[in-house]
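So the chains spell out like this:
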Amino acid sequence: MMKFYILKWVIPSSYDGKLMREFLIDQHISKRTLTAVKFDGGTITVNGKEEDVRYHLIEGDILEMKFPAEKGSGSLVAEEIPLSIIYEDGDVLVVDKPWGMKSIPTKNEPTGSLANAIAGYYERTGICSTVHIVTRLDKDTSGLVLIAKHRHVHHLFSLQQKGREIKRTYEAFAEGRLDSDIGTIEEPIGRKPVSIIEREVRQDGRYALTHYRVKKRFQDFDHIELRLETGRTHQIRVHMSFIGHPLAGDDLYGGSVALIGRQALHCKNLDFFHPVKKEWVHLVAVMPRDMQILLERQ
């Protein structure tokens, strides 16, 4: 069973003679992380010898940080639920979430979520980590979900999210006929006062920006592609409803269930800069069958 998450660096010439602390700060290793490594069973070594952060680095040094194993959440039930894994390495997991599955459990529904499925997968494969979901999807939205396998990787992805560096592209069916083939919706979104679930466009809400492009027009809906610049709860659903074109099947925001029984929304592309491998990753998830059928019938 894996007991440590390990990061390894070969020190470049630009850090020759500098303190290890400076290098680690530039790698976004926080003081809190260093404290955890020091006191919870991790180690920091240079060329196989344990050193502290005051060590003066030499070009070519091999610096290795072993993080202590994470303990899974005691409240999260690990379940044997099939996962459609699109990408996996030692740092990152990406799955294609089916519609009808919650991203995380709730007090009233503690099982059956994606987090439960991931916890079960970790348990079966010996991955000692809590579940760090980076990009969540609504229960009835399908598609790609990004998961970090360690809290430090989650932290690095959080920095990317703040910089809007994680890119997601969605496919959806918008009711009616959009006025233009390409458009942008820039409206703030906040919680609707009368509901704990529903959101709405409101001036005291948080900034939200959505781009859309019509792929093909049909009799009952437009097949559209959407790209988000922000990640507000229900952002696509709220924005499309606001401009008078709710998603087919999205009865929470004014859509009809005559064509499909859930919001016709699918996260088809995920692009992110791998925080450890330092390379871009592009992933694709095929539109689920219930949406494909509608395209075939039109």
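Below is a summary of the structure that appears in this document.

Rules of the game
Residues numbered from 1 in each chain as written. Predicted model: local features only at pLDDT ≥ 70, side-chain atom pairs only at ≥ 80, totals over all residues. Heavy atoms only, no water. Helix = DSSP H or I, 4+ residues; strand = E, 2+ residues; numbered from the N terminus. Buried < 20%, exposed > 50% of the residue type's maximum accessible area, 1.4 Å probe, protein only. Contact = heavy atoms within 4.5 Å. Lys, Arg positive; Asp, Glu negative; His and termini not counted. Charge placed at Lys NZ, Arg CZ, Asp CG, Glu CD. 1 Å grid on protein atoms, 1.4 Å probe; cavity = no way out; pocket = protein on both sides within 12 Å on 5 of 7 lines; lining within 4 Å. Points joined across faces, edges and corners; volume = space filled by probe spheres on them. Nonpolar A, V, L, I, M, F, W, Y, C, P; charged D, E, K, R; others polar. Expected span 1.5 Å × (residues − 1). Polar contact = N/O pair within 3.5 Å; in protein donor to acceptor, adjacent residues only side chain to side chain. Pairing = 2+ DSSP bridges. Patch = residues over 30% accessible without salt bridge, like charges linked within 9 Å, V, L, I, M, F, W, Y side chains within 5 Å. Areas by Shrake-Rupley, 256 points an atom, 1.4 Å probe, with all protein chains shown as cover. Salt bridge = Lys/Arg side-chain N within 4 Å of Asp/Glu carboxyl O. Axes fitted to C-alpha atoms, helices over the stretch in contact; angles between N-to-C directions.

## Comments concerning the overall build of the protein
Per the secondary structure count, the protein includes 6 helices and 16 strands. Along the three orthogonal principal directions, the C-alpha set of the protein runs to about 70 × 40 × 40 Å. Scored against the burial criterion, the 298 residues of the protein give a buried share of 49%. Within the protein, residue pairs in contact and separated by at least 24 positions form 65% of the contacts whose partners lie at least 6 positions apart. Each charge sign in the protein was given a centre, from 42 positive and 41 negative side chains, and these centres are 3 Å apart.

## Details of the layout of surface pockets
One water molecule sets the probe size; rolling that probe over the atoms shows where empty space is left. The space that makes up the largest pocket amounts to roughly 1500 Å³. Counting residues per element, the ones that place at least two in the lining of the largest pocket are α4 (151-162), β9 (167-175) and α5 (235-242). Its residues placed into classes, the lining of the largest pocket shows 12 nonpolar, 14 polar and 18 charged.

## A short note on helix α3 (residues 114-125)
Its 12 residues place the ends of α3 16 Å apart at the C-alpha level, agreeing with the 16 Å of an ideal helix rising 1.5 Å per residue. With 9 of 12 residues buried, α3 lies mostly within the body of the structure. Listed as buried for α3 are Leu114, Ala115, Asn116, Ala117, Ile118, Ala119, Gly120, Tyr121 and Tyr122. For α3, the secondary structure elements touched by its buried residues are β5 (85-88), β6 (92-97), β7 (132-133) and β8 (142-148). Sitting at the head of α3, serine 113 places a side-chain oxygen 3.3 Å from the backbone nitrogen of alanine 115.

## Some words on the pairing of strand β2 (residues 43-46)
Across a regular strand the side chains alternate sides, sitting on one face of the sheet and then on the other. Direction of pairing for β2 relative to strand β4 (residues 62-67): antiparallel, over a ladder of 4 bridges. Looking at β4, one finds that threonine 45 is bridged to glutamate 64. Where β2 and strand β3 (residues 49-50) come together, 2 bridges link them in antiparallel fashion. Paired with valine 46 across the two strands is lysine 49, which belongs to β3. Counting the residues between successive antiparallel strands, the hairpin from β2 to β3 contains 2 residues, one of them, asparagine 47, with a positive phi of roughly 55°.

## Observations concerning a nonpolar patch on the surface
Judged by side-chain polarity, Ile196, Ile197 and Leu252 come together as a nonpolar surface patch covering roughly 310 Å² of accessible area. Here isoleucine 197 shows up in the loop between β11 (189-191) and β12 (199-201).

## Describing the pattern of salt bridges
All chains considered together, the criterion is met by 18 salt bridges. The shortest N-O distance in the salt bridge between glutamate 64 and lysine 8 comes to 3.4 Å. One end of the pair, glutamate 64, is in strand β4; the other, lysine 8, is in strand β1 (residues 5-10), with 56 residues separating them in the sequence. Between aspartate 290 and arginine 262 there is a salt bridge; the shortest N-O distance is 2.8 Å.

## Description of the sheet that holds β2
Strands sit in the order β1-β4-β2-β3 across an open sheet of 4 strands; the sheet is antiparallel. The sheet is open, and its two edges are formed by β1 and β3, each paired on a single side. Sitting on the sheet, helix α2 (residues 31-39) is in contact with β2 and β4, with an inclination near 80° to β4.

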